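Structure at a glance
Given next are the chains, with one letter for each unit.
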Amino acid sequence: MDSNLHSLSRQLIELRIEHADLDATIDRLAETSPQDELLLRRLKKRRLALRDQITRLENVLDPKEPA
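Cut-offs used in this document
Here the residue numbering is sequential within each chain, running from 1 through the sequence in written order. Since the coordinates come from a predicted model, pLDDT governs what is reported: local features require at least 70, and pairs of side-chain atoms require 80 or more to be given and counted, while whole-chain, interface and lining totals use all residues. Processing note: side-chain calculations cover all non-hydrogen atoms of the structure and skip hydrogens and water entirely. The term salt bridge refers to a side-chain nitrogen of Lys or Arg lying within 4 Å of a carboxyl oxygen of Asp or Glu. For helices the rule is a DSSP run of H or I covering at least 4 residues; for strands it is a run of E covering at least 2, with both sets numbered from the N terminus onward. The buried label applies to any residue whose accessible area, calculated with a 1.4 Å probe on protein chains only, is under 20% of its type's maximum; exposed applies above 50%, and partly exposed to all values in between.

**Concerning the pattern of salt bridges**
Enumeration according to the criterion identifies five salt bridges in this entry. Notably, a salt bridge pairs arginine 46 with glutamate 18, separated by 2.9 Å at the nearest N-O pair. One end of the pair, arginine 46, is in helix α2 (residues 37-61); the other, glutamate 18, is in helix α1 (residues 2-31), and 28 residues separate them in sequence. Judged by its relative accessible area of 35%, arginine 46 falls in the partly exposed class. Residue aspartate 23 is joined to arginine 47 by a salt bridge in which the shortest nitrogen-to-oxygen separation is 2.6 Å. Separated by 24 residues along the polypeptide, aspartate 23 in helix α1 and arginine 47 in helix α2 bring together distant segments of the chain. Residue aspartate 23 is classed as partly exposed on the basis of its relative accessible area of 29%. Through salt bridges that share partners, Arg16, Arg51 and Glu58 make up one connected network.

Fair warning: the whole summary comes from geometry, so function is off the table for now.
Dropping the structure here:
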């Protein structure tokens, strides 16, 4: 069980890093002209999917309701 929680914690950290990297990439691309709208939309969609994964993992690791 502890190794499972450890790997989930590690996965959460990796997802947060990937999310932050995407955030920075999206910000950089949004500042350039001309903008690649299709690429921006794809990156934003990926960022939202990562946010959902992060939220699910946070709920698994620290449930708000008693089990």
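So, next bit.
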